[in-house]
Every structure is written in C-alpha cells, then in structure tokens.
Protein chains: 2
Amino acid sequence: MEKIIIDTGDSLSGIVVGGRWQAVVKMLPESGVVIITDDNVYDKYGIDFPAFPVIKIRPGEGSKTLSTVGRIIDELLKIGADRSCFILGIGGGVVCDLAGFVASIYLRGVRFGFVSTSLLSQVDASVGGKNGVDAGLYKNVIGTFRQPEFVICDTTMLSTLPANEYLSGLAEMLKIALIGDAALVEIAEKNYGAIMERDRHLMMDTVARTIKYKASVVAEDERESGARRVLNFGHTYGHPIEMVNQFQHGFAVAAGMELAIHLSFEKGLLDNNNKRRALKLLDQYGVVPDYEISGKKMEELISRDKKRSGNSVHFVLIRDIGEPIIEKISIDELVGFYSTFQKNRKT
Amino acid sequence: MEKIIIDTGDSLSGIVVGGRWQAVVKMLPESGVVIITDDNVYDKYGIDFPAFPVIKIRPGEGSKTLSTVGRIIDELLKIGADRSCFILGIGGGVVCDLAGFVASIYLRGVRFGFVSTSLLSQVDASVGGKNGVDAGLYKNVIGTFRQPEFVICDTTMLSTLPANEYLSGLAEMLKIALIGDAALVEIAEKNYGAIMERDRHLMMDTVARTIKYKASVVAEDERESGARRVLNFGHTYGHPIEMVNQFQHGFAVAAGMELAIHLSFEKGLLDNNNKRRALKLLDQYGVVPDYEISGKKMEELISRDKKRSGNSVHFVLIRDIGEPIIEKISIDELVGFYSTFQKNRKT
C-alpha cells in the first residue's frame, strides 16, 4: 500500500493505492456521511458499503448533467445533510466528477472523498481536484477545482471492470507514460500480458507511478494556468473525436495522442525512432479506435475547446518519450494538419 | 466616491460606492465581456450598457434555480465565451447571485464583477463573495464562496427601485447597524426623512458604512466558520418566515430580528432600554411585516437551516446596540420561544 500526498498549498489530498477499499471507514467521520454511487457499482459492492444513506445515479456519461446534480442535491436535502456532512463518492469517473462537483456547491461546499473503482478514475479523474458535468455536447464545461480529502484506489476492484472500461483507463495511463515517465513506457512495453490480466500487484505499481506524476504536475499548478497543461496531451483532437463518436474517454484521447505524435514528428520535435516507438505502444494495447470526424466538424469543435485562447490552442507535443512541450498553435494549422493526415491515411 | 478593498488573503475585491456606474467600462477588459442582467434592469439602464453580449433573465427570486444556471451557461457557450471571458452582472441580488455562481462554475471559473442596482445587493448580496441558487423552497443551498473583482454601488440607481425593494434593503442595513455600528443606528434614527427620500449623498454614507462593517467581518472569516456568523442576525427565524410567506428578503430578516431582540432581552443579555430602542428603529422604518407561520413549520424549517449543527443552531443575539453575541441554542428552545412569543402577541 502506498500513500501519495498532494499538496496544493491550499489543501492536502491523500491518495491511497493498493489498500482494500473497505478500509475507507477509517477515513470517514462517524456520522453525517452520504454515499454517491451508480447502480452498477452498487450491485457489485453495495453489500460491503458502510451503513450510511446511499444516493444512486444511472451509470454512464449521460448522467453528467446539471439535472442529475439537482436531483442529488434534492436527495441530500431530504436526508437532511448539513454543513458538517461528508460526501463519499464510490465509483468511476462519472460518479467522482458528480460527487466532487456536488460537494463543492452543496451548502457552498462540504467535505468529500472518493473510492475510485475504475482504472480511468484511479489514474485520471480522481487526481487533480477537477470535477464537473457536461452541457449538451460540451464536456466538463461546468465544474470547479477542489481536492477530495482522500482517494482510495484499490486495484483489486479493477478485476470487475468491463474490458472496454479497463482499456480506456490504460490509454490514460499510457498518456502519462508518454508525457512524463519513460520508465513506465518500458514497463508497459514489457508487461503487456500481466497488465491485460489486470495483475493486482503490477497494477498497484503502474497506478501509483501514474498518480505520482500527475500529482507532481497538479501540485505545481492546481488551477491549470501553466505546467498542468501537459496533461491535455491527446485532448485537443481527442475531445472532438469523443463528442462525435461517443467513445469512452481514453480511446478518444488515444486517437488524439496518435495525431499529436505525428504532429510532433512533422514539426521536427520528435525523431523517427521515438515516433515509431510511441505509436507502437498505442498499437500494442489496441487503444486507438476507428473514428470519423470531418475537418469542418473538427474545426468547429476545437474552436469550442475550453483551453482555446483567441484563435489558438496551447497544444501538447512530445520531443522525446516522456518529454512534453507546449506550443501555441493556431486552430487553422491544427485543422489543416488533421485534414491532410486523414487524406493520407485513406490513400 | 469611496473605494473599499476586501482582502480575504486569497483574493482582493474592490467595492466602489458613489461613483457613476457607467464608469464600469474602465474596470473591464477590452473584449470577452458578457453581461448578465434581468429584464427590468435592462429596460431602465440597457441603453447605457457597454457594447457586449447581454444575457437576460426574468426578474425575481423564481429565477434563482439550477435550470436558469443551465440556460445561462448554454448562452455563454453559444456566444463562445472562453476561459478568458469576464462576466459582468448588472442587477440586484438575484442577478448578482446567479452571475457570481455561473462565473465560479463556468469552465471551472472565470473572472467576474458586479454593478449592484438594488439597495439590498449593494449592502448585502454583493459583499462577501457568497453566491448561489435555491433548490425548491431551500434558499441558497447551492453555491460557492468567491469574491467578485469589483462591485460598483451607484446610489443614484436607488432612485428607480420599487418602494418595497428599497425598504427590504434598508432592513438589511438596519441589521448591520444593530449588530455592528451604533453610530449608523443614530444616523438612521435622526435621518428618517432623507433616507426615505433616497438622498444620494446620505445614502453614499450609509451604504459605505454598511459595506465597511460587512467587509471587515468577511475579511476575517471568508468561509463563515466563525466571526462571520454575526451577519446571520435575524436569519434563523427569518429564513423560515421568508420561505412560508414569500416576503422580500429584508422584511423576513426584520421579522427575524424582532424575534432575536426579544430573545436577547429574555436571556438577560439586552437591557430593557436597548430592547425598546432596537424595536423602535424597526418600527420607525416599518420593515417588520405581518407574517404567519406555525410553530411546527418553524421547527421543520429551522431544522433545515444550513447553519444547523446537530440539534442546535449558532444563533445571533445582541447584548447592546452594535454588539452581537453568538450562542449555540437548541432548536427545541428556539421553537419554544417562538411559540410562546406568538401566543403572547395574539393575546
């Protein structure tokens, strides 16, 4: 078991990797806890939940709306949760995003923590204090930055994930490896079998490495004004691909990484060997999906990117395995590159 | 013109009292501003708004819902507002509460400032960084703490307020006087005529005094864990009265203050002279409305008070004009006192 502390100056957040999730009771107050989870997680693990009121949501991205937020708040009011309450999210990214957002606006903010059940939420959603919901097609445009008091990442829980969800989480892990941890790239290259078998101990190691890198970046830059931007690797192209194709998040990011790797090479930042190595890794794990999105749609959606500033985007490239570099690139150039890339691919 | 700076450690917020609101353009970025206002304010002042996109809401407390928040966010997305945008709320408490809340969750937080058009929002809603919306009958249970960059309080704007709204604001001003500014109590006692005529210069003085007191309390305690609780004078009883009777906020608080003054006397904290002086002030301005609410309903609604902790409430009493004192009082005692008070009043 490993405990990683995230210190953003304002707040401390502890991420526990590898312990059994049932130990969460030790981190909770004796009373006033309310659990937020989804139907799937409840079916699998509800029997072991500590004895507190449970608010259930429907599984899936479709629940990430203001109207679900309103419903959860109505239930909290019905339960009589006051300012001293503690919201415990038990679930994947959607549950944690909702629980974290609700906790940051209910009664102007109450305490909260997570048991992260999916790989994606263990390595991504639970670290960094971002939460939020979607507005129509626009993902995560409503939310706050607020650190949970703790996140418990029990890698035994990964065994019950649907294959797709597991793979989507792996894609995010590969993202972190490619931008920040060359040793993790090597581990991933050499341990394909054990990783795909969801070996609990190996995953404890890889999850902890991933979180540590992300934590180091977040601690430096909680509000995403600078250094943290590297975490958006694969996201500029990935978000539009996700919106149009309705993939799970990690796959869309993988498609976006593939494009970013090619663009890094195109711009003379990444040499041919490293380009091939990076692409091979994505290929080995089979995380890049087939997708369709026209240049025009790509342009429209990149223009709506939260990270857009004026007509440019802070785009994340890599100049080596584990070495990101951020460049302000015009939307025109990004769309042009995308269209050419798609044309070449088809011919 | 007077500028009051609120420094909470985390953020600086400047409140400008007495200048002309049109000068707001000097405080705005050159581009990316979006104005949020209501139909009434737009009808009166829209012609002088700076040339930026305007999002209008329906006037009144009924607009303080998550669904209005969703609609405003949809419009921001349509306008293409990015992270560098600036939200300018021009209006009373409802507009400022909504604009502040939207600004704190849109794209996980963007810049914002207010032109406060109502007396209530000048002396109350705009200072302190609280924002929020209601959930059904529960007021302000959804929101955040975040300071606007500036609040402009132009007392000439008070001349266009409906009488009721002006009086509701006066009630909040009297609240501040009673808990924190004995000199303001004297000013209010001696200048009834000028205050009711909304004399611009006198109101500059009284508004600035009120804000200064509130600012000093907020600066000490941005997140309402201690000292700031004094601002809840009149609110414990006032909120239930407001919910059931649908009064404007200030009147409900005045009814709550009346009860709190009597309770302060009952508990031997306030002497008879000061009790009579405090009650006379409320009477002079005619701010305490007729209201109906059963002891049972009062109990139910106090039990839902955001500030409840367990079976008690941190209740604000006064022991002298301008001297608040906070006591943890059980809900049972509060309901008992209320019921006896109502019985005595009727006989």
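For R108 of chain A, which is not glycine, the phi torsion reads 65 degrees and is therefore positive. With respect to the secondary-structure elements, R108 of chain A resides in the loop between α3 (93-105) and β6 (111-116).

Right, let's get into the pattern of salt bridges. Residue and element names in this part refer to chain A. By the definition in use, this model includes 34 salt bridges over all chains. Between K212 and E2 there is a salt bridge, and its shortest N-O distance comes to 2.7 Å. Here the residue K212 occupies a position in helix α8 (residues 200-220), and E2 occupies one in strand β1 (residues 2-7), the gap between them amounting to 210 residues. The class of E2 is partly exposed, set by a relative accessible area of 31%. Measuring nitrogen to oxygen at the nearest pair gives 2.8 Å for the salt bridge that ties R277 to E189. On the criterion of sequence distance, the pair formed by R277 in helix α11 (residues 272-285) and E189 in helix α6 (residues 182-190) is long-range, its members being 88 residues apart.

What follows concerns the sheet that holds strand β12 (residues 323-330) of chain A. Residues and elements named next belong to chain A. Taking strand neighbours across the sheet as the criterion, the 3 strands line up as β10-β11-β12 in an open arrangement whose pairing is antiparallel. Lying at the two open borders of the sheet, with one neighbouring strand each, are β10 (308-309) and β12. In this structure, strand β11 (residues 312-320) lies alongside β12, joined through 8 bridges in antiparallel fashion. Paired with L317 across the two strands is I325, which belongs to β12.

Attention now goes to the domain arrangement of chain A. Residue and element names in this part refer to chain A. Here chain A is described as being made up of domain 1 (2-160) and domain 2 (163-346). A C-alpha centroid distance of 25 Å is found between domain 1 and domain 2. Of the residues lining the interface, 33 residues belong to domain 1; the matching set on domain 2 comes to 33 residues. Carbon and sulfur atoms make up 63% of the surface buried where domain 1 meets domain 2, a total of about 3000 Å² over both sides. Counting across the domain 1 and domain 2 interface gives 5 residue pairs in polar contact (both at pLDDT 80 or more). Elements supplying a minimum of two residues to the side of domain 1 that touches domain 2: β1, β2 (12-17), α4 (119-125) and β8 (138-142). By residue number, the principal contributor to the side of domain 1 that touches domain 2 is α4, which donates 5 residues. When the residues that make up the side of domain 1 that touches domain 2 are grouped by side-chain class, the tally is 14 nonpolar, 12 polar and 7 charged.

What follows is about the packing of helix α2 (residues 66-79) of chain A against α3 of chain A. The angle between the axes and the distance between the axes are what describe a pair of packed helices. All names here are of chain A. Remark: α2 packs on α3, axes separated minimally by 10 Å, with the N-to-C direction vectors making an angle of 60 degrees. When the axes of α2 and α3 are compared, the pair comes out oblique. Our pair here, α2 against α3, has a crossing hand that is right-handed. The residues of α3 that touch α2, namely those facing L66, T68, V69, I72, I73 and L76, are L98, F101, V102 and I105.

A few words on the sheet that holds strand β10 (residues 308-309) of chain B. All names here are of chain B. One open sheet holds the 3 strands; their spatial order is β10-β11-β12, and the pairing between them is antiparallel. Of all the strands in the sheet, just β10 and β12 (323-330) have a single pairing partner and so form its edges. Judged from the 2 bridges that link them, β10 and strand β11 (residues 312-320) form a sheet pairing that is antiparallel. Looking at β11, one finds that S309 is bridged to S312.

Before going further, it helps to examine helix α11 (residues 272-285) of chain B. Residues and elements named next belong to chain B. In this model α11 runs 20 Å from its N-terminal to its C-terminal C-alpha over 14 residues, within 8% of the 20 Å that 1.5 Å per residue would give. Residues of α11 that are buried make contact with α5 (163-180), α6 (182-190), α7 (192-196), α10 (249-266) and β11. Where α11 starts, the residue carrying a side-chain oxygen 3.2 Å from the main-chain nitrogen of N273 turns out to be D271. Two residues or fewer past α11, G286 is found with a positive phi of approximately 60 degrees.

Okay, the packing of helix α9 (residues 235-245) of chain B against helix α12 (residues 295-302) of chain B next. Residue and element names in this part refer to chain B. Contact pair α9 / α12: the axes reach a minimum separation of 9 Å and the direction vectors enclose 115 degrees. By the angle between their axes, α9 is roughly perpendicular relative to α12. Considering how the two elements wind past one another, α9 and α12 form a crossing that is right-handed. Together, T236, Y237, P240, I241, M243 and V244 of α9 and K297, M298, L301 and I302 of α12 make up the contact between the two elements. Classifying every residue of the contact of α9 with α12 by side-chain character gives 8 nonpolar, 1 polar and 1 charged.

Parameters at a glance
- Residues numbered from 1 in each chain as written.
- Chains lettered and ligands numbered in written order.
- Predicted model: local features only at pLDDT ≥ 70, side-chain atom pairs only at ≥ 80, totals over all residues.
- Heavy atoms only, no water.
- Helix = DSSP H or I, 4+ residues; strand = E, 2+ residues; numbered from the N terminus.
- Salt bridge = Lys/Arg side-chain N within 4 Å of Asp/Glu carboxyl O.
- Buried < 20%, exposed > 50% of the residue type's maximum accessible area, 1.4 Å probe, protein only.
- Pairing = 2+ DSSP bridges.
- Domains from an automatic or database assignment.
- Contact = heavy atoms within 4.5 Å.
- Buried area = accessible area lost by both parts, 1.4 Å probe.
- Polar contact = N/O pair within 3.5 Å; in protein donor to acceptor, adjacent residues only side chain to side chain.
- Nonpolar A, V, L, I, M, F, W, Y, C, P; charged D, E, K, R; others polar.
- Axes fitted to C-alpha atoms, helices over the stretch in contact; angles between N-to-C directions.
- Parallel < 35°, antiparallel > 145°, perpendicular 65-115°, else oblique.
- Left-handed = near helix turned anticlockwise from the far one by under 90°.
- Expected span 1.5 Å × (residues − 1).

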